[in-house]
Amino acid sequence: MSTQEGIVKYRCDFTPGPALPFSELSELNAWRKLMVITGLIGQDPNRYGGYGYGNISRRLDAQVRSDGLHPFVITGTQTGGKADLTAEDYVVVTACYAQENRLVAEGPIKPSSEALTHGAVYALDSQILWVVHAHSPEIWCNAEALGVPMTANVPYGSPEMAAEVKRLYIESDLPQKRIFGMAGHEDGIVTYGRTAEEAGFTMLTYLVRALQCAERRN
Ligand SMILES: [Zn+2]
């Protein structure tokens, strides 16, 4: 792990490879589309320096593997702004090493460094099969009122973030709520579940609750 001017760099051992068959991506892609429609994943010139934001992933195997790895398929880097994705926009992260800040990936596109946070969530429990990372100013700003567990102010995609996710899983009601906010990552929210519905609807449910908070103030 190398550091430069206080910023921890992550390492991605990336091997270009073929795309997965689209049939294996269709459920993931449909949920992503809904996240784009609701603005939870996207790209906006006025937000985050104009970079694409948010990503969605699912574990490749439902079974626990003997090697302890938990490969997952995730949207590629800087795909947030695209309304429609193809199989070429998804990549398999074959291994994640949070402590070394390193991940190994194979596919037609590189994963974003946020894949490390997805990996940290999968490492919590083998029953977690889906992860959504969205950017929601509504949920993030109302996290306390909504009872959303928040990480400490640490950079995303860092060993510190992975440690914070683990801490929340042990110390907070994260296992019941399946949602947390990232204090060091503006508007960053993560939900997860055993199914796409559990992960996706948790995000949408909290967005609706957050919108109610805003209405009460008006
Ligand atoms: Zn993010």
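In the block above lies the structure referred to throughout.
What counts, and at which threshold
- Residues numbered from 1 in each chain as written.
- Predicted model: local features only at pLDDT ≥ 70, side-chain atom pairs only at ≥ 80, totals over all residues.
- Heavy atoms only, no water.
- Pairing = 2+ DSSP bridges.
- Helix = DSSP H or I, 4+ residues; strand = E, 2+ residues; numbered from the N terminus.
- Axes fitted to C-alpha atoms, helices over the stretch in contact; angles between N-to-C directions.
- Buried < 20%, exposed > 50% of the residue type's maximum accessible area, 1.4 Å probe, protein only.
- Polar contact = N/O pair within 3.5 Å; in protein donor to acceptor, adjacent residues only side chain to side chain.
- Contact = heavy atoms within 4.5 Å.
- Phe/Tyr/Trp six-rings, centres within 6.5 Å; stacked < 30°, edge-to-face > 60°.
- Lys NZ or Arg CZ within 6 Å of the ring centre and 35° of its normal.

J.: Teacher, can you tell me more about the sheet that holds strand S7 (residues 72-75) here?
T.: Sheet strands associate in pairs through backbone hydrogen bonding, adopting either a parallel or an antiparallel arrangement. With mixed pairing, the eight strands of this open sheet are ordered in space as S3-S9-S8-S7-S6-S10-S12-S11. Each edge of the sheet is formed by a strand with only one pairing partner; in this case those strands are strand S3 (11-16) and strand S11 (179-181). Neighbour to neighbour, the strand axes of the sheet diverge by 20° on average, direction disregarded. Alignment of S7 against strand S8 (residues 90-97), held across four bridges, turns out to be antiparallel. Bridge pairing in S8 links Phe72 to Val93.

J.: What should I look at first to understand the side chain of Asp89 in this one?
T.: For Asp89, the location among the structural elements is in the loop between S7 and S8. Residue Asp89 is classed as buried on the basis of its relative accessible area of 6%. Polar contacts involving the side chain of Asp89 include one to the side chain of Lys82, which spans 2.9 Å. Ignoring sequence-local partners within four residues, the contact set of Asp89 consists of Ile74, Thr75, Gly76, Thr79, Lys82 and Ile109.

J.: Please explain the packing of aromatic side chains as it appears in this structure.
T.: Aromatic ring pairs are defined here through the distance separating the ring centres and the angle between the ring planes. In total, this model carries three aromatic pairs according to the counting rule given. The interplanar angle of 75° and the centroid separation of 5.2 Å between the aromatic rings of Tyr48 and Tyr53 together place this pair among those described as edge-to-face. On the accessibility criterion, Tyr48 (22% relative accessible area) is partly exposed. Here the aromatic rings of Phe72 and Tyr122 are separated by 5.0 Å at their centres, their planes lie at 35°, and the arrangement is tilted. Taken as a pair, Phe72 in strand S7 and Tyr122 in helix H2 (residues 115-122) lie far apart in primary sequence, 50 residues in all. Just as Phe72 is buried, Tyr122 falls in that class too. Over the aromatic face of Tyr206 sits the side chain of Arg209, whose NZ or CZ is 4.8 Å from the ring centroid.

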